There are 2 protein chains.
Amino acid sequence: MCIQGGVPMDFSSYFPIWNKLTPTQQQILERNAVLRKVDKGTVIHNGTVECTGLLLVRSGQLRAYILSDEGREISLYRLFDRDICLFSASCMMNSIQFEITIEAQKDTTMWVISADTYQRIMKESAVVANFTNEIMATRFSEVMWLMEQIIWKSFDKRLAEFLLEECSLEETNILKITHETIAGHMGTAREVVTRMLRYFQNEGMVKLARGTVEICEERRLQELSDT
Amino acid sequence: MCIQGGVPMDFSSYFPIWNKLTPTQQQILERNAVLRKVDKGTVIHNGTVECTGLLLVRSGQLRAYILSDEGREISLYRLFDRDICLFSASCMMNSIQFEITIEAQKDTTMWVISADTYQRIMKESAVVANFTNEIMATRFSEVMWLMEQIIWKSFDKRLAEFLLEECSLEETNILKITHETIAGHMGTAREVVTRMLRYFQNEGMVKLARGTVEICEERRLQELSDT
């Protein structure tokens, strides 16, 4: 067990269905969970590594994205405290036939559980298997939402939504983010982002400066993203 | 048990993990599975119905797609003999937060299992829960593949791929399909499809007639889709 700021930060209080596990299962998990700290920007998992293991975020933020052959990215979802990343342990399930990259979006502390360990428990425990099902359904829902956005929502709406979400995550109205980074998140080219941001600026919704995007009229961006 | 053409066509021989179920679970499933026949074109499930139940295809073909507010469609995946559709029973899992439509692509015979029944067995059986996990991972993989196609592959490649897949499914080189229908499958407008098919025709790869697309040079379409 590790202590941070006087608060016990042990694995058991972070693993969502801890109380539903048998003592043996608890012991196996606790013994095999390895606490790991990574700096912002670290690539924790990618397609070339088959099985990094399950990741349970203690603090920080992870980002899952896919990468095209030409190196273009698109963000799929983010993981926050207590979230579990399954797809970094995709060797666990034969039917997972896609590759994602997981990167630390902020300095992150997380537990890594080997796929073997988790799979062993999941195979014998209906509770763990059903829990895993719910995690997968959550990620699936996020990806479906994203796909609908990409197919059917025009780029101005997606960009407005992205800026509002970033503000809410960072708890600020002045985002420190480059157009290049936004383009990476949204699977588009930097020029497309710059053009749209300039349009937003002309409309008075944002103010641009080197490396920052300031949100001036949240309400109008919200209206745009809602339509 | 029903007999078709002298062959026993009972539920147990169609349900993939039948032998791993307990006799009680087998009994519950068999007693609650309702055989249903639908004609080609029937919408079996959509977002307004919360829980149609799990579908196990005996024969025929189902298509899962999403629908935009403006009525545009995009095909997500198809289900064939012995395939199971989970998302027509999305009430089973809290974390499934998206809506799909399921339509019979051909005359189809299938068993419908109520979500209650399946959920009851899944909650107690690690085997069924893990099996369900694999089904979801399979669909997830199909959707991820589709998303990568949409984001990163140009339309000519996607159309070539679609035509080749249809030929292989229908076991013919002359597809009876309208441009409108193809557009529906691919989430685009009819004009876009017509323009690209005419380009393919000019290149000698296909021959167009009213309501049909004939594949003339499969090899070239294959090369196009592979690049």
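The structure displayed is predicted, hence computed values, not measured ones.

**Student:** Is there a simple way to explain the overall build of chain A in this structure?
**Tutor:** For chain A, the count of helices and strands is eight helices and 13 strands. In terms of its C-alpha atoms, chain A occupies a principal-axis envelope of roughly 60 × 45 × 30 Å. In chain A, buried positions account for 55% of the 227 residues. A sequence separation of at least 24 residues applies to 68% of the contacts in chain A between residues at least 6 apart. Summing over all exposed atoms, chain A offers an accessible surface of approximately 10800 Å²; the carbon and sulfur share of this is 46%.

**Student:** For this particular structure, what's the right way to read the sheet that holds strand β5 (residues 54-59) of chain B?
**Tutor:** Adjacent strands of a sheet form backbone hydrogen bonds with each other and so pair up, either parallel or antiparallel. Residue and element names in this part refer to chain B. In space, the four strands of this open sheet follow the order β3-β10-β5-β8, with antiparallel pairing throughout. If you trace the sheet from one side to the other, it starts and ends with β3 (34-38) and β8 (84-85), each paired once. Two strands pair when backbone bridges link them, and β3 and strand β10 (residues 108-113) are joined in this way by five bridges, in the antiparallel orientation. The partner of valine 38 across the bridge, within β10, is threonine 108.

**Student:** How do you make sense of the domain arrangement of chain A when you look at a structure like this?
**Tutor:** The accessible area lost on association of the parts is a frequent measure of interface size. All names here are of chain A. By the assigned domains, chain A splits into domain 1 (3-150) and domain 2 (153-226). Computed from C-alpha coordinates alone, the two centres of domain 1 and domain 2 are separated by 29 Å. Listed as interface residues are 13 residues of domain 1 and, on the opposing side, 13 residues of domain 2. Both sides of the domain 1 and domain 2 interface together cover about 1000 Å² of buried area, and 39% of this is carbon and sulfur. Here lysine 106 makes a salt bridge to glutamate 170, at a shortest N to O gap of 3.6 Å. The interface formed by domain 1 and domain 2 contains two residue pairs in polar contact (both at pLDDT 80 or more). For the side of domain 1 that touches domain 2, the secondary-structure elements that each account for two or more residues are β7 (73-79) and α4 (126-152).

**Student:** I would appreciate a short explanation of the packing of aromatic side chains in the present structure.
**Tutor:** In this description, a pair of aromatic rings is defined by centroid distance and the angle of the planes. Under the defined criterion, the tally for this structure stands at 20 aromatic pairs over all chains. Note on B:Tyr14 and B:Trp111: the rings are 5.4 Å apart at their centroids and 55° apart in plane angle, and the pair reads as tilted. Of the two residues, B:Tyr14 is situated in the loop between β2 (7-8) and α1 (23-32) and B:Trp111 in strand β10; the sequence distance between them amounts to 97 residues. Connected via pairs of aromatic rings, a cluster forms that spans A:Phe11, A:Tyr14, A:Phe15, A:Trp18, A:Trp111 and A:Phe131. In this arrangement the basic side chain of A:Arg139 is found over the ring face of A:Tyr77, its NZ or CZ atom lying 5.3 Å from the centre. A cation over an aromatic ring shows up here: B:Arg82 above the ring of B:Tyr14, its NZ or CZ 4.3 Å from the ring centre.

**Student:** Sorry, what's going on with the nonpolar core here?
**Tutor:** Nonpolar side chains tend to gather and get buried jointly when the protein is soluble and globular. Counting residues in hydrophobic clusters, the biggest one holds 111 residues, and the most contacted among them are A:Phe15, A:Ile100, B:Phe15, B:Ile100 and B:Met147. If you tally residues by element for this core, the top one is α4(A), at 14 residues. The residues touching B:Ile100, leaving out its near neighbours within four places in the chain, are A:Met144, B:His45, B:Asn46, B:Gly47, B:Ala64, B:Tyr65, B:Ile66, B:Leu76, B:Tyr77 and B:Phe87.

**Student:** Looking at this model, I keep getting lost on the pairing of strand β9 (residues 101-104) of chain B. Mind explaining?
**Tutor:** The side chains of a regular strand alternate between the sheet's two faces. All names here are of chain B. The two faces of β9 match: Thr101 and Glu103 on one face and Ile102 and Ala104 on the other face are all buried. Looking at chain direction, strand β4 (residues 43-45) and β9 are connected through two bridges and run antiparallel. When the sheet's bridge partners are listed, histidine 45 is paired in β9 with isoleucine 102. In this structure, strand β6 (residues 62-67) lies alongside β9, joined through four bridges in antiparallel fashion. Each bridged residue has a counterpart across the sheet, and for alanine 64 the counterpart in β9 is isoleucine 102.

**Student:** Quick question: what am I supposed to make of the interface of chain B and chain A here?
**Tutor:** In this complex, chain B contributes 39 residues to the contact, which on the side of chain A involves 40 residues. With both sides pooled, the region where chain B packs onto chain A buries about 3400 Å², and carbon together with sulfur makes up 70% of that total. Taken as a group, B:Phe140, B:Met147 and B:Trp152 account for 21% of the area that chain B buries against chain A, more than any other trio of residues on that side. In this assembly, chain B and chain A are joined by zero salt bridges. Along the contact surface separating chain B from chain A lie twelve residue pairs in polar contact (both at pLDDT 80 or more). Where the side of chain B that touches chain A is concerned, the elements lending two or more residues are β6, β7 (73-79), α2 (115-124) and α3 (126-152) of chain B. Here the side of chain B that touches chain A gets 20 residues from one element, more than from any other, and that element is α3(B).

**Student:** Explanation requested: helix α5 (residues 155-170) of chain A in the structure shown.
**Tutor:** The α-helix winds at 3.6 residues per turn, so residues separated by three or four positions along the chain end up facing the same way. Residues and elements named next belong to chain A. Across its 16 residues, α5 extends 22 Å between first and last C-alpha, which sits within 8% of the 22 Å expected from 1.5 Å per residue. Among all positions in α5, only Phe155, Asp156, Arg158, Leu159, Ala160, Glu161, Phe162, Leu163, Leu164, Glu166 and Cys167 are buried. Backbone geometry just after α5 places glutamate 171 at a positive phi near 55°.

**Student:** What exactly am I supposed to notice about the UniProt feature "domain: HTH crp-type" (unreviewed entry) in chain A here?
**Tutor:** When the UniProt feature table is mapped onto this chain numbering, "domain: HTH crp-type" (unreviewed entry) sits at residues 153-219 of chain A. Secondary structure across residues 153-219 of chain A divides into 58% helix and 16% strand, with the first and last C-alpha atoms of the span separated by 19 Å.

**Student:** In this structure, what is going on with the environment of B:Val127? I would like to understand it.
**Tutor:** Residues and elements named next belong to chain B. As for its position among the elements, valine 127 is in helix α3. Accessibility expressed as a relative area gives 34% for valine 127, which makes it partly exposed. For valine 127, the residues in contact, after removing those within four places along its chain, are Ile17 and Lys20.

Calculation rules
Residues numbered from 1 in each chain as written. Chains lettered and ligands numbered in written order. Predicted model: local features only at pLDDT ≥ 70, side-chain atom pairs only at ≥ 80, totals over all residues. Heavy atoms only, no water. Helix = DSSP H or I, 4+ residues; strand = E, 2+ residues; numbered from the N terminus. Buried < 20%, exposed > 50% of the residue type's maximum accessible area, 1.4 Å probe, protein only. Contact = heavy atoms within 4.5 Å. Areas by Shrake-Rupley, 256 points an atom, 1.4 Å probe, with all protein chains shown as cover. Pairing = 2+ DSSP bridges. Domains from an automatic or database assignment. Buried area = accessible area lost by both parts, 1.4 Å probe. Salt bridge = Lys/Arg side-chain N within 4 Å of Asp/Glu carboxyl O. Polar contact = N/O pair within 3.5 Å; in protein donor to acceptor, adjacent residues only side chain to side chain. Phe/Tyr/Trp six-rings, centres within 6.5 Å; stacked < 30°, edge-to-face > 60°. Lys NZ or Arg CZ within 6 Å of the ring centre and 35° of its normal. Core = buried A, V, L, I, M, F, W, Y, C linked by side-chain atoms within 4.5 Å. Expected span 1.5 Å × (residues − 1). UniProt positions renumbered as here; feature names shortened; annotations may be inferred.

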